[in-house]
Amino acid sequence: LSELSPDRRLFYFPDRNLAAVDPSSSSEEERDFFFPGREWRDVNGLPIQAHGGGILYTPETRTFYWYGENKQGPTYRLHKKSSARVDLIGISCYSSQDLWRWKNEGLVLKADTTNTSSDLHTSNVAERPKVIFNNHTRQFVMYLHIDNANYSKASVGIATSSSPLGPFTYLGSTKPHGFDSRDMTIFKDEDDGSAFLVYSSQSNSELHISQLTPDYLGLSPAVSRALVNQHREAPAVFKHGNFFYMITSGCTGWWPNQALLHAAESMLGPWETLGDPCVGASDEFRLTTFFSQVAFVLPLPGLRDLFVFVADRWNPGNLSDSRYVWLPLTIDGRLDGPPEDDSFEFPMWSRVSVRWHRKWKLP
């Protein structure tokens, strides 16, 4: 798995010209199929730049909007022991009506190339953007992880727009309730319109969860702690029936690790750890979440038990060539056994499975 391994380059990041998923030139046999890990191009034949992202669906237009980090720049390290990085470029947006053909709508939140004190200056970090729509204010609200190059700022940024296509107006950043915040997500409960911020805190040792105010621009006073001392990050939340589920990764930087599934009756917890949802492929593949890190779980309109697991296959040697691992996430039946932690009495959780496929398509 080292960056210099030829097996890693060939297997996890196959040659662009041989393996790209390109809607502008795909054959009939490959049309509409997802190929996890292959390079994925937009309708103009250019590599999609939407890493660490989230997807918003607008029922009125039946359109999906994919927001993510644009990493189309040279990868470098500030010093030998620092993490690989790309100068901040901005947040990309792509639109689609079938989740396979994506149109590049440009940067909806751009980096600041002149003001070194700006959160969005090219020397800083803007990661894991997520956008939700506020039905009352009619505003699209983006939350994202804001940091400096050495990840000591550890804050949450907020931006708004009257259109899903932006441009988004950046409102600033904050440490939620005074706590450090790194990998984060926001979740909107479509049943009642409530929304929540979930972020890794206390030096990534636990997750914090807070409900957003009705305008989605602030936080309620209460902070709920979850997965204390479990060192989890990259939370991705989804709802099935009356229950909430969350998939997280471990804290190993750009390198992949084992995903875990958690469940709760309330977004504020308590959260139960149910185990690894990954199914199929080799042990090595499963224990590295198919060599990827979860970014988002997308509910599919009209399909109650089927979701899309959206993940990134990071390439720390060349972050612009990081790939996407999209797989079907299914909810079917009950768990085969009790949860890992039986200190609480919980309802019988449903079985959540993220199954490996080399090639698959939506129904």
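Residues numbered from 1 in each chain as written. Predicted model: local features only at pLDDT ≥ 70, side-chain atom pairs only at ≥ 80, totals over all residues. Heavy atoms only, no water.

When you go through the protein chain residue by residue, the secondary structure sums to 3 helices and 21 strands. For 363 residues, the compact-globule formula gives about 21 Å, and the C-alpha radius of gyration of the protein chain, at 19 Å, lands near that figure. Along the longest, intermediate and shortest principal axes, the C-alpha atoms of the protein chain span 50 × 50 × 45 Å. Burial analysis of the protein chain (363 residues in total) assigns 56% to the buried set. When the accessible surface of the protein chain is split by element, carbon and sulfur atoms take 50% of a total near 15800 Å². Positive and negative side-chain charges in the protein chain, numbering 35 and 42 respectively, have mean positions lying 5 Å apart. (Helix = DSSP H or I, 4+ residues; strand = E, 2+ residues; numbered from the N terminus. Rg over C-alpha atoms; globule rule 2.2 N^0.38 Å. Buried < 20%, exposed > 50% of the residue type's maximum accessible area, 1.4 Å probe, protein only. Areas by Shrake-Rupley, 256 points an atom, 1.4 Å probe, with all protein chains shown as cover. Lys, Arg positive; Asp, Glu negative; His and termini not counted. Charge placed at Lys NZ, Arg CZ, Asp CG, Glu CD.)

So, about the nonpolar core. Counting residues in hydrophobic clusters, the biggest one holds 49 residues, and the most contacted among them are Trp40, Trp66, Trp102, Phe238, Ile247, Trp326 and Leu329. Elements supplying a minimum of two residues to this core: strand E2 (63-69), strand E13 (232-240), strand E14 (243-250), strand E15 (260-264), strand E18 (293-300), strand E19 (303-313), strand E20 (323-334) and strand E21 (350-355). Sequence-distant contacts of Trp66, that is, excluding residues within four places in its chain, are made with Trp40, Ile48, Ala50, Gly53, Gly54, Ile55, Ser92, Cys93, Tyr94, Trp102, Tyr324 and Trp326. In terms of nonpolar packing, the next biggest core, distinct from the first, is built from 19 residues, Leu88, Cys93, Val108 and Phe133 among them. (Core = buried A, V, L, I, M, F, W, Y, C linked by side-chain atoms within 4.5 Å. Contact = heavy atoms within 4.5 Å.)

So, on to the sheet that holds strand E16 (residues 272-275). Spatially, the 4 strands line up as an open sheet ordered E13-E14-E15-E16, and their pairing is antiparallel. The open sheet has two free edges, formed respectively by E13 and E16, since each of these has just one partner strand. The sheet shows a mean angle of 30 degrees between the axes of neighbouring strands, direction not considered. For E13 and E14, the ladder comprises 7 bridges, and the chain directions are antiparallel. Within E14, the residue paired with Val237 across the bridge is Met246. (Pairing = 2+ DSSP bridges. Axes fitted to C-alpha atoms, helices over the stretch in contact; angles between N-to-C directions.)

Below, the discussion takes up the packing of aromatic side chains. Centre-to-centre distance and the angle between the planes together describe a pair of aromatic rings. Tallying each qualifying case throughout the model produces 23 aromatic pairs. Pairwise contacts between aromatic rings join Phe34, Trp40, Trp66, Tyr94, Trp102, Tyr324, Trp326 and Trp360 into one cluster. Sitting above the plane of the Phe33 ring, Lys359 keeps its charged end 4.4 Å from the centroid. (Phe/Tyr/Trp six-rings, centres within 6.5 Å; stacked < 30°, edge-to-face > 60°. Lys NZ or Arg CZ within 6 Å of the ring centre and 35° of its normal.)

As a further point, take the sheet that holds strand E9 (residues 184-188). Strand order in the open sheet formed by 4 strands is E9-E10-E11-E12, with antiparallel pairing between adjacent strands. Edge positions in the sheet fall to E9 and strand E12 (224-226), since each has one partner strand and no second. Neighbour to neighbour, the strand axes of the sheet diverge by 25 degrees on average, direction disregarded. Here 5 bridges tie E9 to strand E10 (residues 195-201), and the two strands are oriented antiparallel to one another. Looking at the pairing, Met184 lines up with Tyr199 of E10.

A few words now on unusual backbone geometry. Geometrically, the link from Gly166 to Pro167 is a cis peptide bond, its omega value of 0 degrees lying close to zero. The peptide bond linking Gly269 to Pro270 adopts the cis configuration, its omega dihedral lying at 10 degrees. Structurally, the position occupied by Pro270 is in the loop between E15 and E16. We note that Asn229 has phi near 65 degrees; this positive angle belongs to a residue other than glycine. Within the fold, Asn229 resides in the loop between E12 and E13. Under the relative-accessibility criterion, Asn229 is labelled exposed at 60%.

Along E19, 8 of the 11 residues are buried, which leaves the element largely enclosed by surrounding structure. Relative to E19, E18 runs antiparallel, the two being bridged by 7 bridges. Bridging from a neighbouring strand, Leu300 pairs with Leu303 of E19. The turn joining E18 and E19, which pair antiparallel and follow one another in sequence, is formed by 2 residues; a positive phi near 85 degrees is taken by Gly302.

These values are about where atoms sit, not about what they do.
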